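Next come the chains, spelled out residue by residue.
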Amino acid sequence: MTTPQDVLTPAQVAEQIRKTYNSSLLAGKVALVTGGSRGIGRSIAMALGACGARVIVNYAGNAAAAQETVAAIESVGGQARAVQFDVSNSAQTSEAIKTLEKEFGGFDILVNNAGVSRDNLFIKMKDEEWDANINTNLKGTFVCARAVTMGMMRKRAGKIINISSVIGLTGNMGQAAYAASKAGILGLTKSLAKELASRNIQVNAICPGYITTDMTSAHGDKLIENVLKQIPMERLGDPLEIARMAVFLASDASSYVTGQTLAVDGGMTMV
Ligand code: NAP
């Protein structure tokens, strides 16, 4: 599936973002985006970079794609670095973040975006499928947030943005483990928001609806046809639409917003 970030040049992506946000909105900020090599994470990394943040682009295995994200950010005057670690590996992730913090002087923004969906009917679900969803999506979010929190507490400032999913709100057939991991992220977000608010650290979650990325391209035309019937705006979202919300939450524009779950889904879920 072709996504808008594949169609638009880096300059056009930056131009789109800068129509809404100033190019110095996040100047001086250091951001870590997990799973920044592709899809939604790449768009978020490019958007934060277009607004002046220095961006660490994490990836699991796709070094070439991560380097493309870095090159895209640099080509519009931003600063970025690709760093490999597996967010489901607590020791590796904590060590990598500690090293980065020493070099960059701590993080101002963390976007927990890295995610997988290993789907199966519940009755057939294997332990490995359950573990892959929980360990990458939920445990990975916990491990990264824990690793940056002390540094943010010292700075008395921080923005943690967790990428959940509409599936975490509604559940879905064949996605019990993914849904549990994404619903878990919402509980984690609210608890962290309460614990860290007095330290001026804000923690929020974005629930994307169906967004055109590699993850949704695996779904097939029939499923997408059915999904479209559930979306009042009658289209899938593009990664830049999630990125715009992430920039809002990363910036001073969201100075009184914490513990919230923000669905960016064309009206698919309404409470
Ligand atoms: P994607 O295109 O499949 O990209 C996944 C990203 O996560 C890649 O950068 C990948 O790195 C990284 N990643 C996976 N496992 C990792 C690990 N263990 N450690 C570090 N990085 C890891 O996914 P996407 O569609 O952009 O989704 C991004 C996030 O949005 C996910 O959390 C997903 O659940 C959520 N979401 C997506 C949709 C949607 O419609 N697409 C809807 C709701 C929520 P490599 O490139 O190195 O493999």
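It should be emphasised that the depicted structure is a prediction, and the values quoted were computed from it without experimental measurement. (Residues numbered from 1 in each chain as written. Predicted model: local features only at pLDDT ≥ 70, side-chain atom pairs only at ≥ 80, totals over all residues. Heavy atoms only, no water.)

1. Concerning the overall build of the protein chain
Phase 1 of the analysis: Within the protein chain, the regular secondary structure consists of 11 helices and 7 strands.
Phase 2 of the analysis: Relative to its length of 271 residues, the protein chain is compact, with a C-alpha radius of gyration of 17 Å against a globular reference of 18 Å.
Phase 3 of the analysis: Overall, the C-alpha framework of the protein chain stretches about 45 × 35 × 35 Å when taken along its three principal axes.
Phase 4 of the analysis: The proportion of buried residues among the 271 residues of the protein chain is 52%.
Phase 5 of the analysis: As presented, the protein chain carries roughly 12,400 Å² of accessible surface, and 52% of it is formed by carbon and sulfur atoms. (Helix = DSSP H or I, 4+ residues; strand = E, 2+ residues; numbered from the N terminus. Rg over C-alpha atoms; globule rule 2.2 N^0.38 Å. Buried < 20%, exposed > 50% of the residue type's maximum accessible area, 1.4 Å probe, protein only. Areas by Shrake-Rupley, 256 points an atom, 1.4 Å probe, with all protein chains shown as cover.)

2. Observations concerning the nonpolar core
Phase 1 of the analysis: The biggest cluster of nonpolar side chains holds 41 residues, and the ones touching the most others in it are Ile44, Leu48, Val55 and Ile206.
Phase 2 of the analysis: Looking at this core, the elements with two or more residues in it are α2 (10–20), β1 (30–33), α3 (39–50), β2 (54–59), α4 (63–75), β4 (109–112), β5 (158–163) and α11 (239–250).
Phase 3 of the analysis: Ranked by the residues each element gives to this core, the list is headed by α11, at 8 residues.
Phase 4 of the analysis: Among all residues touching Ile44, those that are not within four sequence positions of it are Val33, Val111, Ile163, Ile242, Ala243 and Ala246.
Phase 5 of the analysis: Phe107, Ala114, Cys144 and Leu196 belong to the second largest nonpolar core, which has 25 residues in total. (Core = buried A, V, L, I, M, F, W, Y, C linked by side-chain atoms within 4.5 Å. Contact = heavy atoms within 4.5 Å.)

3. Some thoughts on unusual backbone geometry
Phase 1 of the analysis: At Arg156, a position not held by glycine, the phi torsion is positive, near 55°.
Phase 2 of the analysis: Along the chain, Arg156 falls in the loop between α6 (127–155) and β5.
Phase 3 of the analysis: In this model, Glu234 sits at a positive phi of 55°, which is unusual for a non-glycine residue.
Phase 4 of the analysis: Looking at Glu234, the relative accessible area reads 66%, which means it is exposed.

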